[in-house]
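Commentary on secondary and tertiary structure
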Amino acid sequence: MSIDLNGLSAKELDSLIAQAKKRRTTLAKRKPIADVRRKLTQLARAEGYTVAELFGGAAPASSNAEKGAPAKAAGRKSTKGYKLGKVAPKYRNPQNPADTWAGRGQQPKWMSTQIAAGRKLEDFLIK
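A short tour of the structure in this document, coming up. Nothing here was measured: the structure is a model prediction, and the numbers come from that model.

**Quick notes on the pattern of salt bridges**
- Scanning the model with the defined rule gives 2 salt bridges in all.
- One salt bridge in this structure joins Arg 38 and Asp 35, with 3.1 Å as the shortest N-O distance. With Arg 38 and Asp 35 both in helix H2 (residues 33-46), this residue pair falls 3 residues apart, about one helical turn.
- Arg 119 is the salt-bridge partner of Asp 123, the closest N and O atoms lying 3.7 Å from each other.
- Judged by its relative accessible area of 43%, Asp 123 falls in the partly exposed class.
- Since its relative accessible area comes to 33%, Arg 119 is described here as partly exposed.

Here is what the cut-offs are and how they apply
- Residues numbered from 1 in each chain as written.
- Predicted model: local features only at pLDDT ≥ 70, side-chain atom pairs only at ≥ 80, totals over all residues.
- Heavy atoms only, no water.
- Salt bridge = Lys/Arg side-chain N within 4 Å of Asp/Glu carboxyl O.
- Helix = DSSP H or I, 4+ residues; strand = E, 2+ residues; numbered from the N terminus.
- Buried < 20%, exposed > 50% of the residue type's maximum accessible area, 1.4 Å probe, protein only.

Below is the structure:
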């Protein structure tokens, strides 16, 4: 953010300084985000929930919300550069149940080889 201070009057500069001081005071009163995130996670866990269940996504690993990305088509934000967190697997390898895939990123080799052999993606859904 860049403000051209040379074009502001003394009254506008005083107003800007007052706003900046008010914002600094507000930020100084806030607890560190890591402490708040830890408390929320502990409270959710104590009640038998995960943060993902409560808020529809995993708690971010860092404060990416402030970085923000411009909105993309259909009102969705880009997830580029964001850690999305873990999600439950949607697909399982019937030949080796330990192999699972959440549906994010590139398909695993076990799935792509079986799909190339004629199987369908729906065949691997976890019920």
